[in-house]
Amino acid sequence: MTFLDACRVAAEALQSFADRSRERSAPAIHQLPMAAIARQLDLQRLISEGGLDGQVFAGFLARYLELSTRLHHPGYMAHQVAVPHPLSAIASLIDGFSNNAMAIYEMGPAAATIEFAVVNWMLEKVGWRPAPFPGAGNAVGRYRRHGGGVLTHGGSLANLTALLAARARVAQGAWEEGTPGNLVIVASQGCHYSIPRAAGVLGLGERAVRYAPCDTEGRLDPDRLRDFITRLEREGSTILAVVANACSTAVGVYDLLREIAQVCRDLGVWLHVDGAHGASALLSGRRRRLLDGIELADSLVWDAHKMLRAPTVCAAVLVPDHRTLDAAFRENASYLFHDKEQPGFDFIHRTVECTKAALGLRVFFALAAEGEQGLAAYIDRQSDLALAAAELLSGEPDVEVAVVPQSNIVCFRIDGSDEVQLQVRKRLTEAGNFYISTAEFRGRRWLRLALINPRTELEDLHFMLQEVRQHRVALLPA
Ligand SMILES: *Cc1c(COP(=O)(O)O)cnc(C)c1O
């Protein structure tokens, strides 16, 4: 089977997978036990004997897709994972085939240039100075303070990278000597779990994440933040960073960045903004105000595989001063890191990864196909849909909505206990017409919608609610 033949088989299978999903003629979610899937896919035989080719390949792919979760289904509203733009999905294929591991320029000059351009585009959206292109001969530009960034394999890794940059500033000997025991990270209870996880990885321990006071929607309270930090410092702690959400994972609300940044500036503390999900609102004329003050941050994480329609995974770490990111890692691998005359830029100095995919291409293809305006229209559509959904739901007597949505996330509860929410979600998932998630917020369990599929309509949410009610009724004791 030539590459072209394999592509034709795969393209046809994927097109029909997407079409059938969009028509709802197959369930959004359908989970067989693993042992059954292993059997249906004939994994053991294929592993020992090989022979995945021609008709065998076509048959395998059809079965594989039948056993897959359908993000293209309008009932898919579970997670912050994009329904990829078709061209962005093709970017993954191009990257997989050409395999330009572009962390060093010579392994992928075009890929590295595109990543550089995408990072610069993001920097400009934040309000930070883009980096001059190496090789442009603009000596003046090169020495002015400018931003910097890198694309990593996901927001969790991006958060870790940003916190490493923060550590390099507050504890300058940490790379050689280890992390001082008095470093703490200040965050809200609603921060993503990758923040306490990063604290574990950094050797601080999860308990070094100190949860600052928040308002009833889970936003950091800027006034109380000042006292909170001052008290920690008085007790002998050094603040590694304050982490603000833009927006929070559970309910999608934005911290008040300008106020928080002012506190951080006054106290000389690094502000990291976790915009993994919500930074894409920077593109929207109507929603950018949610990120007011973001340019005052010291670092920002922005995922492209959530609201920029890139396939998994692709996340940006961005800083207003590129030197802070360059200080995050010290490394010594003489076969990679040596002074070399080169026309480009090595991202390897800024990453945990050594081999790295051409992630920039995934963002670039969606952006270049839709234009900034096209992506902004998509972001507005999904957020408007969330508002309409919340309005619909909060008009119902047996439904409670957590917060007025600020992004494309809606959390609600159907009349009943936490256990009822979990049981309803379980039954909904088994039926397969809708795939939703749950989240904990204010100490209670909520049903959670991430309205990320551009084909989901308000009507789908009517039907979703009907089904939720049917499952709710079925749960009542006879
Ligand atoms: C999704 C998310 C992350 C984690 O990003 P991954 O790309 O899934 O690793 C971190 N922070 C926030 C706020 C998120 O929404």
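Residues numbered from 1 in each chain as written. Predicted model: local features only at pLDDT ≥ 70, side-chain atom pairs only at ≥ 80, totals over all residues. Heavy atoms only, no water.

A. A look at the sheet that holds strand β8 (residues 399-401). On the basis of which strands lie adjacent, the open sheet formed by four strands has the order β8-β9-β11-β10 and antiparallel pairing. Of all the strands in the sheet, the pair left with one neighbour each is β8 and β10 (437-441). On average, adjacent strands in this sheet sit at an angle of 40° to one another, irrespective of strand direction. By the bridge criterion, four bridges tie strand β9 (residues 409-414) to strand β11 (residues 444-450) in an arrangement that is antiparallel. By the bridge assignment for β11, Ile409 is matched with Ala450. Each of β9, β10 and β11 is contacted by helix α16 (residues 418-431), which is oriented at about 35° to β11, the strand it contacts most. Packing against the sheet, helix α17 (residues 458-475) makes contact with β8, β9 and β11, and its axis sits at approximately 30° to β9. (Pairing = 2+ DSSP bridges. Helix = DSSP H or I, 4+ residues; strand = E, 2+ residues; numbered from the N terminus. Axes fitted to C-alpha atoms, helices over the stretch in contact; angles between N-to-C directions. Contact = heavy atoms within 4.5 Å.)

B. Broad picture of helix α5 (residues 86-98). Helix length check: α5, at 13 residues, gives a terminal C-alpha distance of 18 Å against a target of 18 Å (1.5 Å per residue), a fit within 8%. Turning to α5, its buried residues number three or more, namely Ser88, Ala91 and Asp95. Projected down its long axis, α5 carries its buried residues within an arc of 35°, all on one side. Across from the buried face of α5, at angles greater than 90 degrees, the exposed residues are Pro86, Gly96 and Phe97. (Expected span 1.5 Å × (residues − 1). Buried < 20%, exposed > 50% of the residue type's maximum accessible area, 1.4 Å probe, protein only. Arc of directions from axis to C-beta.)

C. A look at the site of the ligand. The environment of the ligand is formed by 15 residues, the closest being Gly155, Ser156, Asp274, Asp303 and Lys306. At 3.4 Å from an oxygen atom of the ligand is found a side-chain nitrogen or oxygen belonging to Gln80. A distance of 2.7 Å is found between an oxygen atom of the ligand and a side-chain nitrogen or oxygen belonging to Ser156. Within the complex, 87% of the 380 Å² of free accessible area of the ligand lies under protein. (Near = heavy atom within 4 Å. Polar contact = N/O pair within 3.5 Å; in protein donor to acceptor, adjacent residues only side chain to side chain. Areas by Shrake-Rupley, 256 points an atom, 1.4 Å probe, with all protein chains shown as cover.)

D. Focus on the environment of Val301. The topology assignment puts Val301 in strand β6 (residues 299-303). Residues Val301 and Gly149, spaced 152 residues apart in sequence, show a C-alpha to C-alpha distance of 9.6 Å. Discounting chain neighbours no more than four positions away, the residues touching Val301 are Gly155, Ala158, Asn159, His272, Val273, Asp274, Gly275, Ala276, Ala279 and Ala316.

E. Structural view of the sheet that holds strand β5 (residues 271-274). As summarised here, the arrangement of the seven strands in space is β1-β7-β6-β5-β4-β2-β3, forming an open sheet in which the pairing is mixed. What marks the edges here is a single partner per strand, and that holds for β1 (148-152) and β3 (209-211). Averaged over neighbouring strand pairs, the angle between their axes works out to 20° when direction is ignored. The sheet contact formed by strand β2 (residues 183-187) and strand β4 (residues 238-245) spans four bridges and is parallel. In the strand pairing of β4, Leu183 is matched with Thr238.

F. The packing of helix α6 (residues 109-126) against helix α15 (residues 359-394), seen in detail. Axis separation between α6 and α15 bottoms out at 8 Å; the angle between their running directions is 60°. By the criterion of interaxial angle, the relationship of α6 to α15 is oblique. In this structure, α6 meets α15 at a crossing whose hand is left-handed. Here Ile114, Glu115, Val118, Trp121 and Lys125 of α6 come into contact with α15, specifically with Leu359, Gly360, Leu361, Val363, Phe364, Leu367 and Glu372. (Parallel < 35°, antiparallel > 145°, perpendicular 65-115°, else oblique. Left-handed = near helix turned anticlockwise from the far one by under 90°.)

G. Helix α4 (residues 54-66), seen in detail. An ideal rise of 1.5 Å per residue puts 18 Å on 13 residues; α4 measures up with 19 Å between its terminal C-alpha atoms. Among the residues of α4, those classed as buried are Phe57, Phe60, Leu61 and Leu65. All buried residues of α4 fall inside an arc of 125° around its axis, so they share one side. On its buried face, α4 sits against α1 (3-22) and α3 (43-49).

H. Examining a nonpolar patch on the surface more closely. Together, Phe3, Leu87, Ile90, Leu93, Ile94 and Phe97 make up a nonpolar patch on the protein surface, roughly 540 Å² of accessible area in all. By residue number, the principal contributor to the nonpolar patch is α5, which donates five residues. When you line up the elements, Leu93 lands in helix α5. For Leu93, a relative accessible area of 40% corresponds to the partly exposed category. (Patch = residues over 30% accessible without salt bridge, like charges linked within 9 Å, V, L, I, M, F, W, Y side chains within 5 Å. Salt bridge = Lys/Arg side-chain N within 4 Å of Asp/Glu carboxyl O.)

I. Layout of the pattern of salt bridges. Taken as a whole, this structure holds 33 salt bridges when the rule is applied. Among the ionic pairs, Glu49 bridges to Arg45, the shortest N-O distance being 3.4 Å. You can see Glu49 and its partner Arg45 sitting in helix α3, four residues apart, about one turn around the helix. Note that Glu440 is salt-bridged to Arg445, the shortest N-O span being 3.3 Å. With a relative accessible area of 54%, Glu440 lands in the exposed category. Among the charged side chains, a network of salt bridges with common partners joins Arg286, Arg287, Asp380 and Asp384.

J. Representation of the packing of aromatic side chains in the model. For the coordinates displayed, the defined rule picks out eleven aromatic pairs. Seen in terms of ring centroids, Phe116 and Phe345 are 5.4 Å apart; in terms of plane orientation they differ by 70°. Their pairing is edge-to-face. Residue Phe116 is found in helix α6, and its partner Phe345 is found in the loop between α14 (322-326) and α15; the two are separated by 229 residues along the sequence. Ring centres of Trp175 and Phe329 lie 6.1 Å apart, and the angle between their planes is 80°; on these two criteria the pair is classed as edge-to-face. Residue Trp175 is found in helix α9 (residues 174-177), and its partner Phe329 is found in the loop between α14 and α15; the two are separated by 154 residues along the sequence. Residue classification places Trp175 among the partly exposed positions, given a relative accessible area of 36%. Residue Phe329 is classed as buried on the basis of its relative accessible area, which comes to 9%. In this structure an aromatic cluster arises from ring pairing among Phe116, Phe133, Phe345 and Phe347. Between Arg413 and the ring centre of Trp446, over which it is positioned, the NZ or CZ distance is 5.8 Å. (Phe/Tyr/Trp six-rings, centres within 6.5 Å; stacked < 30°, edge-to-face > 60°. Lys NZ or Arg CZ within 6 Å of the ring centre and 35° of its normal.)

Shape is all these values report; function is a separate question.
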